[in-house]
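Here is what each chain is made of, one letter per residue.
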Amino acid sequence: MSSLMVGVVLAIIAGIINGSFAAPIKYAKIWKWENIWAVWAIFGMVVFPWVAVLITIPHPLDVYQQGGMQNTMMLVAFGVGFGLAQILFGLGIAAVGMALNFAIAIGISTAFGSLLPLLLQHRDKIFTDQGHMIFLGVGLIVIGIVGCAMAGKMKDTHLGADTRPRESAAVHMSFKAGLVIVVLAGIGSPLINFGLAFGDRLKEVAGMQGVPPGSQANVIWAPLNSAAFIPYILYCIYLWKKNNTASLYKAPGTGRNWVFGAIMGGLWFGSTVIYGVITARLGNMGPILGWPLFMSAIIITSNVWGLATGEWKGSGSKALNSMFASIFFLILGFAALAYAGSLG
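Overview of the structure. Worth saying up front: this structure is predicted, and the values here are computed from it rather than measured.

Our next topic: the overall build of the chain. Check the secondary structure of the chain and you find 14 helices and 0 strands. Relative to the 2.2 N^0.38 estimate, which gives 20 Å for 344 residues, the radius of gyration of the chain is 20 Å and therefore close to what a compact globule would have. When its C-alpha atoms are laid out on the principal axes, the chain stretches across 55 × 45 × 40 Å. Taking all contacts inside the chain whose residues are at least 6 apart in sequence as the whole, residues at least 24 apart take part in 85%. When the accessible surface of the chain is totalled, it reaches about 15,000 Å², and 70% of it is carbon and sulfur. If you average the places of the 19 positive and of the 10 negative side-chain charges in the chain, the two averages end up 11 Å apart.

Below, the discussion takes up the packing of aromatic side chains. Here the structure, examined in full by the defined rule, presents 23 aromatic pairs. Plain terms: the ring middles of Phe78 and Phe194 are 6.3 Å apart, the flat faces sit at 65° to each other, and that makes the pair edge-to-face. Note that Phe78 is positioned in helix H4 (residues 69–96) and Phe194 in helix H8 (residues 191–197), a separation of 116 residues in sequence. Here Phe78 and Phe194 have matching classes, each one buried. With a centroid separation of 6.4 Å and 40° between ring planes, the pair formed by Trp221 and Tyr275 is classed as tilted. You can see Trp221 sitting in helix H11 (residues 218–243) and its partner Tyr275 sitting in helix H12 (residues 255–281), a full 54 residues away along the chain. Pair check on accessibility: Trp221 and Tyr275 agree, each one buried.

Membership of the largest hydrophobic core comes to 96 residues, with the highest contact counts inside it found for Trp40, Ile134 and Tyr232. Looking at this core, the element that brings in the most residues is H11, giving 13 residues. Residues in contact with Ile134, not counting those within four places in the same chain, are Ser114, Leu115, Leu118, Met285, Ile288, Leu289, Leu337 and Ala340.

On to the pattern of salt bridges. For the structure on display, the rule yields 2 salt bridges. For Arg201, the salt bridge goes to Glu204, with nearest N and O atoms at 3.3 Å. With Arg201 and Glu204 both in helix H9 (residues 200–208) and 3 residues apart, the pair spans about one turn of that helix. Residue classification places Arg201 among the partly exposed residues on the basis of a relative accessible area of 32%.

On to helix H14 (residues 317–343), then. The end-to-end C-alpha separation of H14 is 39 Å, in line with the 39 Å expected for 27 residues at 1.5 Å each. Every buried residue of H14 is listed here: Ala319, Met323, Ser326, Ile327, Leu330, Gly333, Phe334, Ala336, Leu337, Ala338, Ala340 and Gly341. Close packing links the buried residues of H14 with helix H1 (3–20), helix H6 (129–159) and helix H13 (286–308).

This part is about unusual backbone geometry. Of note, Ile30 is a non-glycine position whose phi angle comes to about 75°, a positive value. Structurally, the position occupied by Ile30 is in the loop between H1 and helix H2 (33–56).

The next thing to look at is the side chain of Glu34. By the element assignment, Glu34 lies in helix H2. Separated by 2.9 Å, the side chains of Glu34 and Asn243 make a polar contact.

Reading the values: the criteria
Residues numbered from 1 in each chain as written. Predicted model: local features only at pLDDT ≥ 70, side-chain atom pairs only at ≥ 80, totals over all residues. Heavy atoms only, no water. Helix = DSSP H or I, 4+ residues; strand = E, 2+ residues; numbered from the N terminus. Rg over C-alpha atoms; globule rule 2.2 N^0.38 Å. Contact = heavy atoms within 4.5 Å. Areas by Shrake-Rupley, 256 points an atom, 1.4 Å probe, with all protein chains shown as cover. Lys, Arg positive; Asp, Glu negative; His and termini not counted. Charge placed at Lys NZ, Arg CZ, Asp CG, Glu CD. Phe/Tyr/Trp six-rings, centres within 6.5 Å; stacked < 30°, edge-to-face > 60°. Buried < 20%, exposed > 50% of the residue type's maximum accessible area, 1.4 Å probe, protein only. Core = buried A, V, L, I, M, F, W, Y, C linked by side-chain atoms within 4.5 Å. Salt bridge = Lys/Arg side-chain N within 4 Å of Asp/Glu carboxyl O. Expected span 1.5 Å × (residues − 1). Polar contact = N/O pair within 3.5 Å; in protein donor to acceptor, adjacent residues only side chain to side chain.

Right, dumping it as structure tokens:
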């Protein structure tokens, strides 16, 4: 199997894992949003990333020293922005609704996360067959994401469902302010991909230590996600105080919730590690091709989970047909990007 095909298969696997990582939350009883997601953040953003560094990087301190403080601080800045974007994403759902939030934020994230590195790092590829196919693939995926979001809106309207998360259901702001928040969330979400795209120096130093290409991205994830953890956990602490939910960590029968949170963190970060392998397999165009492949696989998986768990039951044929048509566009975009990889 070619390196490209391995990358495509891994993108599917990573998307399935990431699209499934939140499933344990359905079994976390008594805890509120800020309880389970704080535990997820501790494991997914801090514990597992640094364990991966210690296991796969022989001399991590040397990597960061030789890579330069400027490069490390760049990752920290990307991480803080990424963490803030995750908070804004939740607030955006409360402000404009889940469907519109997903359509705008994930659409911007997919396009921005892929095309900005292309424009900045590979301008010579823009007007080639490969560049044209990348634009086509990203465009198809954005159409599919927007379509999935609109189908979700039809479903919720038909069922009369309130899809706002509990921690942000009481947020009140103008629609215009909500749109600004959603756009900022979309711009900030691909910062994790920018860390990979622009962190070549650290990966190069890791390679000089004999670290294989598939593991070199681990030097990126650890500082970036740890920085993202800071604003995220501060927001959870704010919610603990506001909702008086910190005491729920000691509630009887919640011991297994810690396990569920750790599993969520392991699955989420595990998909991130696989994404790092994907980009290595796709060569110097890895973050450009890999990001939209990863995003489309996540959206497809999350919708399949929704079907499997009965979320679309009784939603009406119009919503279902729209969702299936949108998934078709996602698959077309996925195939276009896979073909773009072969053109390189």
